[in-house]
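Observations on chain architecture
Spelled out from the first residue to the last, the chains are:
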Amino acid sequence: MPNALTLFKLNCTLSDSWLQAFDAHAVAVQGNLVITTPNMHFVPEFHHFEEEDLQARADGRFGVIDCFQWPQSYDDSFCHAVCIPRKEAFPFPHPLHWAWFTPSQDDPKSIPGNSFPVGTLAPDKDQPDRGQIIYSRLLCLRHAIARLKSHPLTFRDLLIFVTNAQRLFLDIYSYIGWVLVAQPHTTFGVRHEVNLGWMGGFVQSSNICEKLFCAGIPAWYIHASAYIPPQMMVVEPVLLTRLDHIIIAMYAEGRKIRPFEVIYCGQGGRNHHTHIRHLYAGTTHQDPESDKSSQPSSSSSRPAPGPKLSAVGKAPKQKGKQRHRPYSIETRPAQSGESRDKWKDPDTPFFPPPNLHWEGAMKIVVKDGSRVRIPYVIDWGYRFPEPALLLGPKLPECLQLYLANWLAARPLWIGRVDHDPPRTYPTPQLWRDFLSSVPSVQPQSSKGKEPDRKSLTATEKGKRAMRDLFGDDLLETQGDIFSPDGVVEFRGEQVSIASLATPPSLLVQKITWELFELGFRYELRDLDRYLARGCWNNNAVGREQLLHSIFPGEAGLVMWSEAFLSENYGLWNNTLMGCLPYLENFRRLLCDWDDVPPCLMTPLTSDNFTDTYSWEVRRMAATFYVQTFFDHFGRPPIVPHSLPMQS
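All values reported here derive from a predicted model rather than from experimental measurement.

The rules we used
Residues numbered from 1 in each chain as written. Predicted model: local features only at pLDDT ≥ 70, side-chain atom pairs only at ≥ 80, totals over all residues. Heavy atoms only, no water. Core = buried A, V, L, I, M, F, W, Y, C linked by side-chain atoms within 4.5 Å. Buried < 20%, exposed > 50% of the residue type's maximum accessible area, 1.4 Å probe, protein only. Helix = DSSP H or I, 4+ residues; strand = E, 2+ residues; numbered from the N terminus. Contact = heavy atoms within 4.5 Å. Pairing = 2+ DSSP bridges. Axes fitted to C-alpha atoms, helices over the stretch in contact; angles between N-to-C directions. Parallel < 35°, antiparallel > 145°, perpendicular 65-115°, else oblique. Left-handed = near helix turned anticlockwise from the far one by under 90°. Nonpolar A, V, L, I, M, F, W, Y, C, P; charged D, E, K, R; others polar. Expected span 1.5 Å × (residues − 1). Disulfide = S-S within 2.5 Å. Salt bridge = Lys/Arg side-chain N within 4 Å of Asp/Glu carboxyl O.

Some details on the nonpolar core
One recurring pattern in soluble globular proteins: nonpolar side chains tend to sit buried together. Among the nonpolar cores identified, the biggest contains 91 residues, and Phe384, Trp406, Leu524, Phe586, Trp593, Tyr625 and Val626 are the most heavily contacted of them. Counting residues per element, this core draws most heavily on helix α13 (residues 505-531), which supplies 13 residues. Setting aside residues no more than four positions away along its own chain, Val626 makes contact with Trp343, Trp358, Ala361, Met362, Val365, Pro637 and Val639.

Right, dumping it as structure tokens:
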């Protein structure tokens, strides 16, 4: 097949100043295409017309069709992509080199006393001082950095979240470069020296080529061979620059291939630019009935209508026509076999004090089964174990087992619910089977033949529950998540397993307080994604920012590693002005739901926010939330509690 070296002649006598946009400082041939550039000395391989899968590869990037690591076709809607920095122009130790850092298995900082393969990004890798522009430009990126610092992540998810943050940064950086530098140069018709640090792009129009050429942006002009102008000046014919340094292999753990989700398939151009900016972790705003793919994914796609799948992708068996019933009655069986009213807290020293507004709302809710929307659109399962379920066992050794299992699994499960929820959330029975699982005495494989469900022992039920909840993230030794003589961690505090047989009341109150808080945050998220789905569809980032602004801190809804609080905060701040911004954001979020009470329609300001009005708004917001939750979930919500009384 002919190439540029045989079709075009070298002419070293030509000066760069003589060249126009349609001339060739370098020219190469790719199939029936001739690619010329007026301002670069090489011609990259062009990937555009073939239908290709947009799918993260082993390094968390998108291979040869990734505009953040290889030039792509120019598009007016993403014109700033030509100003994406090139990795080769910023070698280490340049501060910008962080934008191409790829995590290794040694980078995650492990969590003490935890058997799951989860951790956080080591402090010397997150480089917060190098990203000040990030914090001032985009809250989404700020949240991504905070997540890398504090969220418990598997290495697979850590890898994709690092590259998500890098793409966000590079997109912001290139946009600023386009607006402040490149775009002004395109309007005056004065030719500027090419910026070799910019990515550049392929163009199919001489006008666009002229614009980029004058602005000093690397440009490669695509021609069919029949349309090469006979008067075109050529400085140097070259061979195509191949993509040998770009990783195209799929992600694997050992010998097991675990590919990321395919988020788009098609030709290059605007669709590639659009979809590559849709973060893997940012698709959880989709309606629950949408299900783009059944592949393993680090995104949070929701199931399609029909039989729901468990966390490991198996449809749960159903007995006859039985299904979940709404709570038209007030009691359900507890672990001990006694009836427990889930609308009020049990009498136990292990629970934190109730919040008066939420306690009152739980008492006056209308529990009429006819109010419940059936069939259920929102998954009614439990995002986290019910706090009362954690304290169900009466025997000390059983209580020790429940607490140890939860504290050991806590970091991984919190991270999963936040960014990669299971296709169906666990039922109370599945949580009970998991929490009661006993560490193995003899090693056993989790890959053997599945035992008959009817003949399962308690130990086998526990192992099955662990596989259903954690799937491939469960260690493949004995399937145990803690050592009986080991330690677990809770908010920086090392807790010995042995001490949980007679745990301090304050410690258990802190654990259950956190479960109440986490359960409320993520149930609120899922309910809002359905009731305000129009807001999520129109502006998912803005809606997520509003949701996160209801709670203090920079880590969104997640809480797990920071020191335990010493006083009530956020919505329940002890000072009037302290709770005002959080309560106002909660009110704004509820106002996008149907049938919102008139009391919540008035914005809260420092002028109208009195003690009496504050009490009324909080009472009404809690009542409206609890009733709305019951109407869509058919069960009591998990509601916030006051902080434990410090002794």
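Now that the structure has been shown, the text picks up again.
Things to note about the pairing of strand β1 (residues 26-30)
With five of its five residues buried, β1 lies for the most part within the structure. What you see with β1 is no split at all: Ala26, Ala28 and Gln30 on one side and Val27 and Val29 on the other are buried throughout. With five bridges joining them, β1 and strand β2 (residues 33-37) adopt antiparallel strand pairing. Bridging from a neighbouring strand, Val29 pairs with Val34 of β2. Between the end of β1 and the start of β2, which pair antiparallel, lie two residues, with Gly31 showing a positive phi angle near 65 degrees.

Here's the deal with the sheet that holds strand β4 (residues 72-73)
Ordered by their spatial adjacency, five strands build an open sheet running β1-β2-β9-β8-β4, and the pairing between neighbours is mixed. The outermost strands of the open sheet, each flanked by one partner alone, are β1 and β4. Across the sheet, helix α6 (residues 206-215) is in contact with β8 (201-203) and β9 (219-224); its angle to β9 comes to roughly 160 degrees.

Here's the deal with the packing of helix α8 (residues 356-364) against helix α17 (residues 611-633)
A packed helix pair is summarised by two numbers, namely the angle formed by the two axes and the spacing between the axes. At a closest axis distance of 8 Å, the pairing of α8 and α17 adopts a crossing angle of 45 degrees. Relative to α17, the element α8 lies oblique. Remark: the crossing between α8 and α17 carries right-handed chirality. Across from Leu356, His357, Trp358, Ala361, Met362 and Ile364 in α8, the residues of α17 making contact are Trp615, Arg618, Arg619, Ala622, Thr623, Tyr625 and Val626. In terms of residue class, the contact of α8 with α17 is made up of nine nonpolar, two polar and two charged.

A few points about α13
Over its 27 residues, α13 extends 38 Å from the first C-alpha to the last, a length consistent with the 39 Å expected when each residue adds 1.5 Å. Here α13 lies mainly inside the structure; 25 of its 27 residues are buried.

Details of the state of the cysteines
By the definition in use, this model includes zero disulfides. Cysteine Cys79 is unpaired, with the sulfur of Cys83 as its nearest cysteine sulfur at 8.3 Å. The closest cysteine sulfur to the non-disulfide-bonded Cys214 is located on Cys209, 9.5 Å from its own sulfur. Among the residues examined, Cys214 registers a relative accessible area of 7% and is labelled buried.

Points about the pattern of salt bridges
Think of it this way: side chains of opposite charge can pair up when their charged atoms draw near. Applying the stated criterion across every chain yields a total of 19 salt bridges. With its nearest N and O atoms 3.2 Å apart, the salt bridge here joins Arg525 to Asp526. Pair check on accessibility: Arg525 and Asp526 agree, each one buried. With its nearest N and O atoms 2.4 Å apart, the salt bridge here joins Arg543 to Asp592. Residue Arg543 is located in helix α15 (residues 540-548), and its partner Asp592 is located in the loop between α16 (576-590) and α17; the two are separated by 49 residues in the primary sequence.

Thoughts on unusual backbone geometry
With an omega of 10 degrees, the peptide bond running from Phe92 to Pro93 counts as cis. Along the polypeptide, Pro93 turns up in the loop between β4 and β5 (108-110). Cis geometry marks the peptide bond from Ile374 to Pro375; its omega dihedral reads 5 degrees. With a phi angle near 50 degrees, Arg491 is a residue other than glycine that sits in the positive phi range. Tracing the sequence through the fold places Arg491 in the loop between β15 (487-490) and β16 (493-496). Owing to a relative accessible area of 9%, Arg491 belongs among the buried residues under this scheme.

Focus: the packing of α15 against α16
Where α15 meets α16, the axes come as close as 8 Å, and the angle between the chain directions of the two elements is 135 degrees. As far as their axial angle goes, α16 and α15 are oblique. Listed contacts from α16 to Arg543, Leu546 and Leu547 of α15 are Asn585, Arg588 and Leu589. Tallied by class, the residues present in the contact of α15 with α16 amount to three nonpolar, one polar and two charged.

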